[in-house]
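Residue strings, one per chain:
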Amino acid sequence: MPKVAVIGSGGREHALVRVLRRSTPEVVAIPGNPGIASEARCAPASPDLAAAALAEKPDLVVVGPEAPLAEGFADRVRQQGVPVFGPTRAAAQIEASKAFAKEVMRAAGVPTPGAAVFDDPARAREHARAQRGCVVKLDGLAAGKGVIVADDGAQAAAAVDELWRPGARLLIEERLEGPELSVIALCDGEELVPLPPARDHKRLLDHDRGPNTGGMGAVCPPSDATPELIEEVLRTVLRPVARELARRGAPFVGALYAGLMLTSRGLRVLEFNCRLGDPEAQAILIRLRSDAFGLFLAAATGRLAGQQPAWDSRTAVAVVMAAHGYPGTPRALDEIRGLDTVEQGEDLWVLHAGTRTHEGKVVTGGGRVLTVAALGPGPSGARARAYQAAARISFPGAQLRTDIAAAES
């Protein structure tokens, strides 16, 4: 029986464990979380994460978060002959450095907003003040929160001060208008297999107000993501970027994520990620009906050609429940009630993210705490099921948007 090691501790990793256990019961999560521990074995994450993974002697390693990939985790594990679903450190720069991603997109002819890059805060502030509206981005990894949308020059200058840190680089980017879309493809270094598209809701509050977060919910598929649009994304964005990375000696293996905006002038790429999105993965994977182990192993070993994953025809909606104080200073150790009152199945998942156990109880660990994902006949049916389940779960100070996928209904 093949053994899979899943790296990470969030809702995305809980979803990965769920789908992998359908085809192989021997799944270990490093480090996992209390929800994952009820379904699979969890092993501690030592400071040497690659050594911890290799100690399990897995047949496949699936990496959830971006930080280990940017640090070269996949390189070390592959050197020992173990297949890894996740890119090398060089290829992971597509997410780890927004400036690098812009450079790759320019070389590949991919449509993306114009941006200026600064390593001097004074020059960045001066440039920002001259903008009528822009987006200020931290160049490196920031767990989805290193982006501030500014309405005018004063807000942009303030955003520079908020995001700046010693040794950092900032991008000040043209601000565009339009709906966003996440399109993710599995890659094996050459071949690409697209996953169903999803739409993430990044702002904390209803009606896209409040600060940016790592994501407060998602719908899969959005109603405007036509097959023709997805083919255009593959042709003009994902394939050219994959080819450019390979040309640079950094072929991409894993999940290549394009964050897009659908503007009046056509699609534009806002960002790339080097892994499955969170919470997009939760909304996508609940619809997967194929063998997840075989699919991820094919990507990890250069055998994606001919793969045609099967998907549930229903719509998925994922709703995130976040801790009090998120995304600023999240509170921890609030008791979570009602988890055992939700009857889960193939079409309704409660996935743990920022949870821990304390004095025999499941409590909040800070950040995004849970994701409730549901399938339904269209967005309105999926929304209703997800919110009905989320209403049965409570913890002090819980934050959740009430409008996830409302515009799709």
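Note that the coordinates shown come from a computational prediction; the quantities given were computed from them, not determined experimentally. (Residues numbered from 1 in each chain as written. Predicted model: local features only at pLDDT ≥ 70, side-chain atom pairs only at ≥ 80, totals over all residues. Heavy atoms only, no water.)

## Some details on the packing of helix H8 (residues 121–129) against helix H9 (residues 153–163)
Right, on to step 1. In the contact formed by H8 and H9, the axes pass within 7 Å of each other and the chain directions differ by 160°. Between H8 and H9, the crossing angle belongs to the class labelled roughly antiparallel. The chirality of how H8 crosses H9 is right-handed. For the pair formed by H8 and H9, the contact residues are Pro121, Ala124, Arg125, Ala128 and Arg129 on the first element and Gly153, Ala156, Ala157, Val160 and Asp161 on the second.
Right, on to step 2. When grouped by side-chain class, the residues that make up the contact of H8 with H9 number 6 nonpolar, 1 polar and 3 charged. (Axes fitted to C-alpha atoms, helices over the stretch in contact; angles between N-to-C directions. Helix = DSSP H or I, 4+ residues; strand = E, 2+ residues; numbered from the N terminus. Parallel < 35°, antiparallel > 145°, perpendicular 65-115°, else oblique. Left-handed = near helix turned anticlockwise from the far one by under 90°. Contact = heavy atoms within 4.5 Å. Nonpolar A, V, L, I, M, F, W, Y, C, P; charged D, E, K, R; others polar.)

## As for the sheet that holds strand E12 (residues 199–200)
Right, on to step 1. Taken in spatial order, the 5 strands line up as E12-E15-E18-E22-E19 in an open sheet, and their pairing is antiparallel. Two strands in the sheet have a free side with no partner beyond their single neighbour: E12 and strand E19 (348–352).
Right, on to step 2. Judged from the 4 bridges that link them, strand E15 (residues 217–220) and strand E18 (residues 315–322) form a sheet pairing that is antiparallel. Within E18, the position partnered with Gly217 by the bridge is Val319. (Pairing = 2+ DSSP bridges.)

## A word on the pairing of strand E22 (residues 368–376)
Right, on to step 1. For E22, the tally of buried residues reaches 8 of 9 residues, placing the bulk of the element in the interior.
Right, on to step 2. The sheet contact formed by E18 and E22 spans 8 bridges and is antiparallel. The partner of Thr315 across the bridge, within E22, is Gly376.
Right, on to step 3. Sheet topology places E19 next to E22; 5 bridges connect them, and they run antiparallel. Within the sheet, the bridge partner assigned to Leu351 lies in E22 and is Thr371. (Buried < 20%, exposed > 50% of the residue type's maximum accessible area, 1.4 Å probe, protein only.)

## Re empty space enclosed by the protein
Right, on to step 1. Tallying each qualifying case throughout the model produces 1 cavity of 30 Å³ or more.
Right, on to step 2. Counted as a void, the largest cavity has a volume near 70 Å³.
Right, on to step 3. Taken together, the elements giving at least two residues each to the lining of the largest cavity come down to helix H7 (98–108), strand E9 (170–174) and strand E17 (266–273).
Right, on to step 4. Take the lining of the largest cavity: its biggest share by element is 4 residues, from H7. (1 Å grid on protein atoms, 1.4 Å probe; cavity = no way out; pocket = protein on both sides within 12 Å on 5 of 7 lines; lining within 4 Å. Points joined across faces, edges and corners; volume = space filled by probe spheres on them.)

## Observations regarding unusual backbone geometry
Right, on to step 1. A cis geometry characterises the amide bond from Cys220 onward to Pro221, with omega recorded as -5°.
Right, on to step 2. Within the element layout of this structure, Pro221 appears in the loop between E15 and helix H10 (227–247).
Right, on to step 3. With an omega of 5°, the peptide bond between Tyr326 and Pro327 qualifies as cis.
Right, on to step 4. Secondary-structure assignment places Pro327 in the loop between E18 and E19.
Right, on to step 5. Unusually for a residue other than glycine, Asp208 sits at a positive phi of about 55°.

## A word on the pattern of salt bridges
Right, on to step 1. In the structure shown here, the tally under the stated rule is 33 salt bridges.
Right, on to step 2. With its nearest N and O atoms 2.6 Å apart, the salt bridge here joins Asp151 to Arg175. Pair noted here: Asp151 is in the loop between strand E8 (147–150) and H9 and Arg175 is in the loop between E9 and strand E10 (180–188), with a separation of 24 residues, a long-range link.
Right, on to step 3. Judged by its relative accessible area of 46%, Asp151 falls in the partly exposed class. (Salt bridge = Lys/Arg side-chain N within 4 Å of Asp/Glu carboxyl O.)

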